Amino acid sequence: MKVNLACTQMACTWDLKANVDRAEKLVRDAAKAGANIVLIQELFESPYFCIDQQDKHFDLASTREESATIRRFQTLAKELNVVLPVSWFERSGQAFYNSVVVVDSDGSIAGHYRKSHIPQFPAYEEKYYFSPGDTGFKAVQTQFGCIGVGICWDQWFPEAARAMVLQGAEILLYPTAIGSELYSPELDSKDHWQTVMRGHAAANVVPVVASNRIGTESSGELEMQFYGSSFITDFTGGMMKAADRETEGFLLASIELDEAREYRRSWGVFRDRRPDLYGPLTTLDGKTRRSIRPA
């Protein structure tokens, strides 16, 4: 089965309606060009509010049932016959999560994922806003293939990618918000960011799609420049399409899932795994311990 993958990138402002309108336009443009799955960037409804810690930003959160954006993109997915992973700031009871719902092409919600790895760096103050996700990594079946979605910081962890592919994911998608480092202005992580995900594609023999925002965002004296550079790889990690750092738009690339499946099967990286030797991966310090039984 051939699947046309698209990723978008755009700047966000505090005109929340305009952000969602812009995202919808990009989805429509990508669908018109033939896209089957369209990835929008992380937390696209607003600027990246995690640049600092302000209690008022919790007002941006909504439950899945309350979210007008999710309902709007359910309608859009059904109209255009596309799959849409939709990122939003989730409120559930007294907890808050950085989450994605996977909207299938009939408008139904096929999956719900909460970001597992929560970063805490200057201008990436996510631990203030988000609890660690409790859904676990998932493979979500859609009309256009089985997909796995990780959110931004999740993309730096090979364990997450492998867990999704082990469960059947044929495509990995990563909505993202990444840019300049507040206290290391000389650091440009763009190449490193792309390379780590290309590694997931190569190691798991699946295509990877990443969508990042563009533009300059500020809060008080703090300012961040997001570097875009959204991209799509093939199932060996080869770069198929890559955006620049500044241009709003979308990328489109086609993948033959049957070809990827045959290559993955023949390459043997899943046949030759040794889960019995991977115990250190289940610990924080790499030391395998025997279970302690009560006397």
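Residues numbered from 1 in each chain as written. Predicted model: local features only at pLDDT ≥ 70, side-chain atom pairs only at ≥ 80, totals over all residues. Heavy atoms only, no water.

## A word on the nonpolar core
This is how the line gets drawn: Throughout, nonpolar core names a set of buried Ala, Val, Leu, Ile, Met, Phe, Trp, Tyr and Cys residues whose side chains join them through atoms within 4.5 Å. Here the term buried applies to any residue with accessible area under 20% of the maximum for its type, exposed to any over 50%, and partly exposed to those in between, with areas from a 1.4 Å probe on protein chains only. Secondary structure follows DSSP: runs of H or I at least 4 residues long count as helices, runs of E at least 2 residues long count as strands, and numbering of each begins at the N terminus. Any pair of residues with heavy atoms lying within 4.5 Å of one another is described as a contacting pair.
Counting 34 residues, the largest nonpolar core has F89, F130, L172, W193 and M197 as its most contacted members. When contributions to this core are tallied by element, the ones reaching two or more residues are α4 (158-166), β8 (171-175), α5 (190-204), β9 (208-211) and β11 (222-227). Looking at this core element by element, the count peaks at four residues for α5. Apart from residues no more than four positions distant in its own chain, M197 is found in contact with Q155, Y174, V208, A210 and F231.

## Here we look at the pairing of strand β14 (residues 249-256)
The side chains of a regular strand alternate between both faces of the sheet. Counted only if it meets this: At least two DSSP bridges between two strands are required for those strands to pair.
Residues of β14 alternate between two faces, with G249, L251, A253 and I255 buried on one and F250, L252, S254 and E256 left unburied on the opposite face. Across eight bridges, the pairing between strand β1 (residues 2-9) and β14 is antiparallel. Bridged to N4 within β14 is S254.

## Considerations on the layout of surface pockets
Any empty space left between atoms is shown by rolling a water-sized probe over those atoms. Definition in use: The distinction between a cavity and a pocket rests on a 1 Å grid over the protein atoms alone: a 1.4 Å probe fits inside a cavity but cannot get out, while a pocket stays open yet meets protein on both sides within 12 Å along at least five of seven lines, and a residue with an atom within 4 Å of a point counts as lining. Grid points are joined across faces, edges and corners, and a volume is the space filled by probe spheres set on the points. Here the nonpolar group is Ala, Val, Leu, Ile, Met, Phe, Trp, Tyr, Cys and Pro; Asp, Glu, Lys and Arg are the charged ones; every other residue, Gly included, is treated as polar.
Each pocket or cavity is described by its volume, and for the largest pocket that value is around 230 Å³. Of the residues in the lining of the largest pocket, the class split is eight nonpolar, three polar and one charged.

## Some points on the environment of A243
With respect to the helices and strands, A243 occurs in the loop between β13 (239-242) and β14. Along the chain, A243 and T283 lie 40 residues apart, while their C-alpha atoms are 38 Å from each other. A243 has contacts with Q9, S229, S230 and L251, leaving out every residue within four places of it along the chain.

## Notes on unusual backbone geometry
Residue N81 is not a glycine yet carries a positive backbone phi of 60°. Residue position: N81 is located in the loop between α2 (68-80) and β3 (84-92). A positive phi angle is found at A123, which is not glycine, with a value near 75°. Its relative accessible area of 1% is what places A123 among the buried residues.

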